[in-house]
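# Structural features, examined
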Amino acid sequence: MYELYAHTAVGRTAGLPDEVIQAIKEHRRPEGVSEAARAAYRLVESLMLTYDVPDAVYTAAVAALGANGVVAVVQLAGHYITVCAMLNAFRIPTPDG
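Residues numbered from 1 in each chain as written. Predicted model: local features only at pLDDT ≥ 70, side-chain atom pairs only at ≥ 80, totals over all residues. Heavy atoms only, no water.

## Considering the nonpolar core
- Counting five residues, the largest nonpolar core consists of Ala40, Leu43, Ala61, Val70 and Val73.
- Listing elements by their share of this core, those giving two or more residues are helix H3 (35-50) and helix H4 (55-89).
- The greatest single-element share of this core, amounting to three residues, is contributed by H4.
- Setting aside residues no more than four positions away along its own chain, Val70 makes contact with Leu43, Tyr58, Ala61, Val62 and Leu65. (Core = buried A, V, L, I, M, F, W, Y, C linked by side-chain atoms within 4.5 Å. Buried < 20%, exposed > 50% of the residue type's maximum accessible area, 1.4 Å probe, protein only. Helix = DSSP H or I, 4+ residues; strand = E, 2+ residues; numbered from the N terminus. Contact = heavy atoms within 4.5 Å.)

Spelled out as structure tokens, the structure:
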């Protein structure tokens with residue numbers, strides 16, 4: 001939960017609309033975002049839900065993000081999966097408890 005808490009604040013600071021943040025919190029694909037953001041969301045969604053990336057998702061991600069962008073998104077997602085696991089394992093609370 002700490003990661004969600006922290007990244008909600010970061011998303012708002014970066015200018016994400018509350019509707020987009022809420023959609024992500026509810027595991028819904030956000031509307032009204034760029035093609036690159038949609039591709040990144042689908043890529044991470046696939047990794048998080050199935051630990052796999054279907055060919056169509058990969059192809060769309062490369063088209064929208066470029067090969068280096070896909071590597072960066074996968075690497076970042078992996079990092080945050082690890083951080084989230086550690087925060088959850090050690091029961092790190094959000095500042096508001």
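After that view, the rundown keeps rolling.
## Remarks on the packing of aromatic side chains
- Summed over all chains, the structure comprises one aromatic pair.
- Relative to Tyr5, the ring of Tyr2 lies with its centre 5.9 Å away and its plane at 50°, an arrangement referred to as tilted. Of this pair, Tyr2 and Tyr5 are both found in helix H1 (residues 2-13), three residues apart, which corresponds to roughly one turn of the helix.
- For Tyr2, a relative accessible area of 29% gives the class partly exposed. (Phe/Tyr/Trp six-rings, centres within 6.5 Å; stacked < 30°, edge-to-face > 60°.)

## Some words on the confidence of the model for the protein
- Confidence in the prediction for the protein averages 94 pLDDT; 99% of positions are at 70 or higher.
- Considering each helix and strand of the protein separately, the mean pLDDT is smallest for H1, with a value of 90, and largest for H4, with 96. (pLDDT = per-residue confidence, 0-100.)

## What to know about a nonpolar patch on the surface
- A cluster of nonpolar side chains, namely Met48, Leu49 and Ile81, defines an oily patch on the protein surface of about 300 Å² accessible area.
- Positionally, Leu49 belongs in helix H3. (Patch = residues over 30% accessible without salt bridge, like charges linked within 9 Å, V, L, I, M, F, W, Y side chains within 5 Å. Areas by Shrake-Rupley, 256 points an atom, 1.4 Å probe, with all protein chains shown as cover. Salt bridge = Lys/Arg side-chain N within 4 Å of Asp/Glu carboxyl O.)

## Comments concerning the pattern of salt bridges
- Counting across every chain of the model gives four salt bridges.
- Between Arg29 and Glu45 there is a salt bridge whose closest N-O contact spans 2.9 Å. Here Glu45 lies in helix H3 and Arg29 lies in the loop between helix H2 (18-25) and H3, a separation of 16 residues in the sequence.
- Under the relative-accessibility criterion, Arg29 is labelled partly exposed at 43%.
- Of the charged contacts in the structure, one is a salt bridge between Arg38 and Glu35, with a shortest N-O distance of 2.6 Å. Taken together, the residues Arg38 and Glu35, both in helix H3 and three residues apart, mark about one turn of the helix.

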